[in-house]
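Here's the letter readout for the chains.
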Amino acid sequence: LVMVAGLLGASFHLSRSAARHELQQSQDIALRTRVQALTAVLSRQRAVATVLADDGAMQQALAAPPGALRIAASQKLARLRARTESAVIYLLDRHGVAVAASNWQEPTSFVGNDYAFRDYFSGAVTGGAAEQFALGTVSKRPGLYITSRVDDGGEPLGVVVVKVEFDQVEADWRAL
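As the structure is a computational prediction, the values presented were derived from the model and not from experiment. (Residues numbered from 1 in each chain as written. Predicted model: local features only at pLDDT ≥ 70, side-chain atom pairs only at ≥ 80, totals over all residues. Heavy atoms only, no water.)

1. Some words on helix 4 (residues 119-127)
Within helix 4, the full set of buried residues consists of Y120, F121 and A124. Taken end-on, helix 4 shows its buried residues confined to a sector of 105°, consistent with a single buried face. Turned more than 90 degrees off the buried face of helix 4, the exposed positions are D119, T126 and G127. After helix 4 finishes, the residue G128 shows a positive phi value of roughly 95°. (Buried < 20%, exposed > 50% of the residue type's maximum accessible area, 1.4 Å probe, protein only. Helix = DSSP H or I, 4+ residues; strand = E, 2+ residues; numbered from the N terminus. Arc of directions from axis to C-beta.)

Here you go:
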């Protein structure tokens, strides 16, 4: 009887240990999957900011007075926002005022708003790029602001801003 009890105890211990190991592996895989998904989203959004900072249409919109070039830039930002799943993309002049935005036709358009107070603006102006997690002043929704400076011959013209919200990432995580 003692031997049977010993075998049952050892069997229980081994089963418990194996189950714990399997659970740990499952959690590790889920964590790695979530990290990879987040990394992919952020890499894509950083690329959007970098590419737009070198885009001739953005440079022209910053150099031009209000009018057709800025509307065309806003239209381009709106198309790109939809394709990249960014929350919003906007273009700030060298003073921090939005001159074009993906939400340019909405009542809550950023065009004309001053964002010079934001660290993501000053960081991009001085360092070429910056990121800041903050609450939106218009949307009141949290997100990561990824910025890249727009230059013309080494002179800063303005800053491209890509806001990333994480609702979809969180929904995807819950589905795992």
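2. Examining the sheet that holds strand 3 (residues 129-135)
With antiparallel pairing, the 5 strands of this open sheet are ordered in space as 2-1-5-4-3. Across the chains shown, the open sheet's two edge strands, defined by having one partner strand only, are strand 2 (98-101) and strand 3. Taking the axes of each pair of neighbouring strands and ignoring which way they run, one obtains an average angle of 25° across the sheet. The pairing of strand 4 (residues 142-152) with strand 5 (residues 155-164) spans 9 bridges and is classified as antiparallel. From the neighbouring strand, S148 faces strand 5, where its bridge partner is V160. (Pairing = 2+ DSSP bridges. Axes fitted to C-alpha atoms, helices over the stretch in contact; angles between N-to-C directions.)

3. A few points about the nonpolar core
Grouped together as the largest cluster of nonpolar side chains are 24 residues, with contacts concentrated most on L52, L77, I89, L91, V150 and V160. Mapped onto this core, the elements with two or more residues apiece are helix 1 (2-53), helix 2 (56-63), helix 3 (68-84), strand 1 (88-93), strand 2, strand 4 and strand 5. Once residues lying within four places of it in the same chain are set aside, the contact partners of V150 are A53, Q59, L62, L91, E155, P156, L157, G158, V159 and V160. (Core = buried A, V, L, I, M, F, W, Y, C linked by side-chain atoms within 4.5 Å. Contact = heavy atoms within 4.5 Å.)

4. Description of the pairing of strand 2
Two elements, strand 1 and strand 2, share 3 bridges in a ladder whose sense is antiparallel. If you follow Y90 over to strand 2, its bridge partner there is A101. In sequence, strand 1 turns back onto strand 2 through a hairpin of 4 residues, with G96 there showing a positive phi of about 95°.

5. Quick look at the confidence of the model for the protein
One rule of thumb: low pLDDT means the predicted coordinates there are not for detailed reading. Per-residue confidence for the protein gives a mean pLDDT of 89; residues scoring 70 or more make up 98%. Strand 1 holds the highest mean pLDDT among the elements of the protein, 98, whereas helix 5 (residues 167-175) holds the lowest, 73. (pLDDT = per-residue confidence, 0-100.)

6. Thoughts on the environment of S109
Mapped onto the elements, S109 comes out in the loop between strand 2 and helix 4. Residues S109 and A82, 27 residues apart in the sequence, show an inter-C-alpha distance of 16 Å. The residues touching S109, leaving out its near neighbours within four places in the chain, are N103 and W104.

7. What about the pattern of salt bridges?
Under the definition given, this model contains 7 salt bridges. The shortest N-O distance in the salt bridge between D55 and K76 comes to 2.6 Å. One end of the pair, D55, is in the loop between helix 1 and helix 2; the other, K76, is in helix 3, and 21 residues separate them in sequence. Exposure remark for D55: the relative accessible area of 16% places this residue in the buried category. A relative accessible area of 27% places K76 in the partly exposed class. (Salt bridge = Lys/Arg side-chain N within 4 Å of Asp/Glu carboxyl O.)

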